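Letter by letter, the chains look like this.
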Amino acid sequence: MTFNFLFLVAIGIGFYTAFNIGANDVANSMGTSVASRALTLRQAIFIAGIFNFLGAFLAGSYVTETVRKGIINPAYFVGNENSLIIGMIAVLAGAGIWVTVATYLKMPVSTTHSIIGALVGFGLIEVGIRGIQWKIVLTIILTWITSPLIGALISYLLFTFIQRKILNTLNPLKEAKKIVPFLLVIVIFILSMFFIFGGLKRFLYHFYFIYILVISAGIAFIAGLRSYFSLQKNYLRKNRGYEKTENLFKPLQILSACYESFANGSNDVANAAGPIAAIVMIMDTQKITSQVPIPLWILIFVGIGLVTGISTQGYRVMETIGKKITEITPTRGFAAEFGAATVILFCSRLGIPVSTTHASVGTVVGVGLARGLGAIDLRVIRNIILSWLITLPAAAGFTIVIYKLITIFI
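Being a predicted model, the structure only gives us computed values, none of them experimental.

## What to know about the packing of aromatic side chains
Right, so step 1: In this structure the tally under the stated criterion is six aromatic pairs.
Right, so step 2: Each ring, one from Phe-15 and one from Phe-301, has its centre 5.5 Å from the other, and the planes form 50°; the classification is tilted. Remark: Phe-301 occurs in helix H11 (residues 296-313) and Phe-15 occurs in helix H1 (residues 3-35); sequence separation between them is 286 residues.
Right, so step 3: One aromatic cluster is present, formed by Phe-7, Phe-15, Trp-297 and Phe-301 through successive ring pairs.

## Let's talk about the pattern of salt bridges
Right, so step 1: One pass over the structure, following the stated rule, counts one salt bridge.
Right, so step 2: Between Lys-178 and Glu-175 there is a salt bridge, with its nearest N and O atoms 3.8 Å apart. Of this pair, Lys-178 and Glu-175 are both found in helix H7 (residues 172-199), three residues apart, which corresponds to roughly one turn of the helix.
Right, so step 3: We classify Lys-178 as partly exposed; its relative accessible area is 49%.

## Some points on the nonpolar core
Right, so step 1: Counting 48 residues, the largest nonpolar core has Ile-116 and Val-302 as its most contacted members.
Right, so step 2: At the level of elements, H1, helix H4 (81-104), helix H5 (111-126), helix H6 (134-167), helix H10 (250-285), H11 and helix H15 (378-409) are the ones that each hand at least two residues to this core.
Right, so step 3: Broken down by element, this core gets its largest block of residues, eleven residues, from H10.
Right, so step 4: If you look at the next biggest cluster of nonpolar residues, it comprises 40 residues, including Leu-158, Leu-252, Ala-336 and Ala-370.

What counts and how
- Residues numbered from 1 in each chain as written.
- Predicted model: local features only at pLDDT ≥ 70, side-chain atom pairs only at ≥ 80, totals over all residues.
- Heavy atoms only, no water.
- Phe/Tyr/Trp six-rings, centres within 6.5 Å; stacked < 30°, edge-to-face > 60°.
- Helix = DSSP H or I, 4+ residues; strand = E, 2+ residues; numbered from the N terminus.
- Salt bridge = Lys/Arg side-chain N within 4 Å of Asp/Glu carboxyl O.
- Buried < 20%, exposed > 50% of the residue type's maximum accessible area, 1.4 Å probe, protein only.
- Core = buried A, V, L, I, M, F, W, Y, C linked by side-chain atoms within 4.5 Å.

Here you go:
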């Protein structure tokens, strides 16, 4: 079987996997915005597509490096490069098939779980326990536990703050006009920091951190100032209505949804780009290497796959995260999206393939807990956790079967 044919197969299956990642993980960032009616389904899909692509293109290389060479030790395949190529194709196919099944069942499974499980399955069947870099795997698994907990804590504290300082006051609209610009400054500052430092630094090599800090602060300050004067102008009439207060948070929730979509793209692109990068680099260099940087076209290609999945099948899982766990309003949606995006982007910058699904579900639960345990549908949480537990062995199993079938027929 020629390298050219294997390359075409890898590209085709890689696009299929990216498509399924987009279809399943769009719910992480947009489910709450649609549920609160801050965005229509069509608007959510459009915005998610743009910002997932930007996250993949500008900040996706860090986690892609970990998936490419951090799970299976490439040294065990020196002299047997063809097996690694076939294995990575099986990894993409195995993870993609499982995510397809989960998306059809409207279950927000972790696509990161899927790809890591697929990599571990291939590594075990081909080189055994010694071929897996277990320290890195255990670090990743630890983040799957801590990310929903940390995300839940952030969203719980943020929504509790909003409740006490705005929603539970005598005049929530008046208090919101003071606090919303401050929250806007925080979101834009963080997003600008990650956008410039995590993404544009790739093209601006001598862009020092202090410059990034000053530019981000300036952008955030201007946006906050404009928001403050706009609110004073458009909401001068005394009104204590709860609904109008919630409506003030809709633009903020849309911004936080963009923030989380960018974070998702920066992390989840690796789930498809990592194996593709490993295949392409072997074909280009004719050897196993870990020193070659990730080609930019791979991030663009996988980003397009994410957008295609988002735009065609993304609606399926949105309902589960947005409506079935707890009731979502703009204030709750903002708190959930901000918490999830912060955790995901932090892990992305460290090169850790965190589960964006875990983080997003955790933050929605955190917002629900701020209103009491009775506000959460525990049956839905149980089903989601069960799907998470099944994901790793299911993806590993699909990968092993596919790898064996390929090796039999070639």
